[in-house]
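# Fold and contact review
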Amino acid sequence: MAFEGLTERLQNAMRKLRGKGKVSESDLRETMREIRLALLEADVNFTVVKDFVKQVRERAMGADVLEGLNPAQQIVKIVDEELTKTMGDEAVPLNKSAKIPTIIMMVGLQGAGKTTTAGKLALKLKNEENARPLMIAGDVYRPAAIDQLVQVAAGIDVPVFQLGTDVDPVEIVRQGLAQAEKDHNDYVIIDTAGRLQIDEQLMDELANIKELAHPDEILLTVDAMTGQNAVATAEGFNGKLDVTGVVLTKLDGDTRGGAALSIRSVTGKPIKFIGQGEKMTDLDVFHPDRMASRILG
Ligand code: GDP
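In this text the structure is predicted, and so the values were computed from the model without any measurement.

Bringing the UniProt feature "domain: AAA+ ATPase" (unreviewed entry) in the protein chain into the picture now. According to UniProt, the "domain: AAA+ ATPase" (unreviewed entry) feature falls on residues 100-278. Helix makes up 46% of residues 100-278 and strand 21%, whereas the separation of the span's terminal C-alpha atoms amounts to 29 Å.

Attention now goes to the pattern of salt bridges. Note that side chains of opposite charge can pair when their charged atoms are close. In the structure shown here, the tally under the stated rule is 20 salt bridges. Between K16 and E34 there is a salt bridge, with the nearest N and O atoms lying 2.8 Å from each other. Placement of the pair is K16 in the loop between helix 1 (4-15) and helix 2 (25-41) and E34 in helix 2, with a sequence separation of 18 residues. Assessed through its relative accessible area of 52%, K16 is described here as exposed. The salt bridge partner of E82 is R59, with a shortest N-O separation of 2.9 Å.

The feature "domain: SRP54-type proteins GTP-binding" (unreviewed entry), as annotated in UniProt, sits at residues 101-297 in this numbering. Helix makes up 47% of residues 101-297 and strand 21%. Its end C-alpha atoms lie 40 Å apart.

Inside soluble globular proteins, nonpolar side chains tend to come together where they are buried. With 72 residues, the main nonpolar core has I35, V79, V107, F237, L248, I263 and I295 as its most contacted residues. When residues of this core are assigned to their parent elements, the largest contribution, six residues, is made by helix 3 (residues 46-62). In this structure, I104, L123, L149 and I189 belong to the second largest nonpolar core, which totals 23 residues.

Once that is clear, we can look at the site of the ligand. If you check the shell around the ligand, you find 17 residues, and the closest are G111, K114, T116, D252 and E278. A distance of 2.9 Å separates an oxygen atom of the ligand from a polar backbone atom of G113. For the ligand, an oxygen atom lies 2.5 Å from a polar atom in the side chain of T116. Considered on its own, the ligand offers 590 Å² of accessible surface; in the complex 81% of this is hidden by protein. Among the elements that make up the shell around the ligand, the one with the highest residue count is helix 5 (residues 114-129) (four residues). Class assignment of the residues belonging to the shell around the ligand gives a composition of two nonpolar, 10 polar and five charged.

Turning next to the sheet that holds strand 5 (residues 217-223). Overall, mixed pairing links the eight strands, which are arranged 3-2-4-1-5-6-7-8 in an open sheet. The open sheet has two free edges, formed respectively by strand 3 (160-161) and strand 8 (283-285), since each of these has just one partner strand. Bridge count between strand 6 (residues 245-249) and strand 7 (residues 271-275): three bridges; the pairing is parallel. Of the residues in strand 7, the one forming a bridge with V247 is F273. Across the sheet, helix 7 (residues 169-183) is in contact with strand 1 (102-108), strand 2 (133-138), strand 3 and strand 4 (187-192); its angle to strand 2 comes to roughly 165 degrees. Together, strand 1 and strand 5 form the strand contacts of helix 9 (residues 228-241), whose direction differs from that of strand 5 by roughly 160 degrees.

On to helix 8 (residues 200-213). Compared with the 20 Å implied by 1.5 Å per residue over 14 residues, the 20 Å span of helix 8 between its first and last C-alpha is a close match. Buried within helix 8 are the following residues: L202, M203, E205, L206, I209 and A213. Axial view of helix 8: buried residues confined to an arc of 160 degrees, hence all on one face. Seen from the buried face of helix 8, the exposed residues on the opposite side, beyond 90 degrees, are E200, Q201 and E211. The secondary structure elements touched by the buried residues of helix 8 are strand 1, strand 2, helix 7, strand 4 and helix 9. With a side-chain oxygen positioned 3.1 Å from the backbone nitrogen of Q201, the residue opening helix 8 is D199. With its phi angle positive at about 45 degrees, H214 sits one or two positions after the end of helix 8.

Cut-offs applied
- Residues numbered from 1 in each chain as written.
- Predicted model: local features only at pLDDT ≥ 70, side-chain atom pairs only at ≥ 80, totals over all residues.
- Heavy atoms only, no water.
- UniProt positions renumbered as here; feature names shortened; annotations may be inferred.
- Helix = DSSP H or I, 4+ residues; strand = E, 2+ residues; numbered from the N terminus.
- Salt bridge = Lys/Arg side-chain N within 4 Å of Asp/Glu carboxyl O.
- Buried < 20%, exposed > 50% of the residue type's maximum accessible area, 1.4 Å probe, protein only.
- Core = buried A, V, L, I, M, F, W, Y, C linked by side-chain atoms within 4.5 Å.
- Near = heavy atom within 4 Å.
- Polar contact = N/O pair within 3.5 Å; in protein donor to acceptor, adjacent residues only side chain to side chain.
- Areas by Shrake-Rupley, 256 points an atom, 1.4 Å probe, with all protein chains shown as cover.
- Nonpolar A, V, L, I, M, F, W, Y, C, P; charged D, E, K, R; others polar.
- Pairing = 2+ DSSP bridges.
- Contact = heavy atoms within 4.5 Å.
- Axes fitted to C-alpha atoms, helices over the stretch in contact; angles between N-to-C directions.
- Expected span 1.5 Å × (residues − 1).
- Arc of directions from axis to C-beta.

As structure tokens, then:
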């Protein structure tokens with residue numbers, strides 16, 4: 001279960017305040033110390049933790065929470081609100097183009113869930129907007145990647161444009177976009193190559209695709225299970241490509257919370273969707289407030 005350890009530790013930290021008619025400054029200091037440790041243990045970025053703790057402490061002191069009625073409840077509320085803020089406050093919708101097609105470029109490391117997410121997103125658009133997406137197979141380095149995309153697309157009845165593995169990905173995207181124009185697809189979802197780690201050649205290729213396609217949305221897929229590495233990956237991709245949104249995958253797994261809580265603050269880019277399973281229907285819009293409630297349990 002995601003966030004299990006974090007939820008338990010946050011609850012424990014705040015439980016100790018419960019039943020106290022009055023919370024002393026030293027009670028608050030102790031609680032904040034425990035919250036800080038809980039977040040660090042959950043692999044939340046150090047600076048994010050520092051800012052978070054500072055905000056909560058200032059609000060708790062400033063609003064005379066310690067003097068008021070039911071201070072424990074008020075502190076829980078402050079923690080909830082600050083968690084929400086750390087994750088971006090509001091859900092951020094998918095960017096859309098004024099004229100069709102809206103072009104979405106999927107980027108991310110190999111294994112993060114890029115191809116799966118491309119399929120999930122296509123299905124979501126189909127189901128919710130009656131859209132007619134076209135997917136473009138731009139990962140030419142692994143023949144299995146194209147097969148996988150074709151299989152995913154067949155399962156959700158969405159067409160794929162592909163030219164095999166011998167054509168330059170930029171050229172594939174160029175021809176795929178022409179095809180979408182001809183067929184009046186309202187969305188184009190470009191699947192791109194991933195690597196086990198960020199490398200210069202991959203980034204150059206992605207930058208070239210971006211330059212050609214002018215995507216409305218560059219969605220970076222990161223694996224929530226990888227914690228701080230997910231954050232470093234996000235920084236790397238964002239630095240080179242200026243992504244427009246993040247998809248956090250594998251939140252159904254045993255993830256600690258670090259990625260969910262750090263990515264927005266560290267990169268400035270919103271998490272737009274979360275992947276919560278291997279099925280094509282397991283993609284949800286990311287709502288910071290709901291995620292905060294889930295983390296607090
Ligand atoms: P890519 O290399 O980035 O294209 O990654 P894939 O789309 O091939 O996904 C890698 C693996 O992660 C596959 O086995 C997917 O089924 C799995 N996967 C992707 N998203 C999720 C998710 O949200 N939850 C779970 N449990 N598995 C996922």
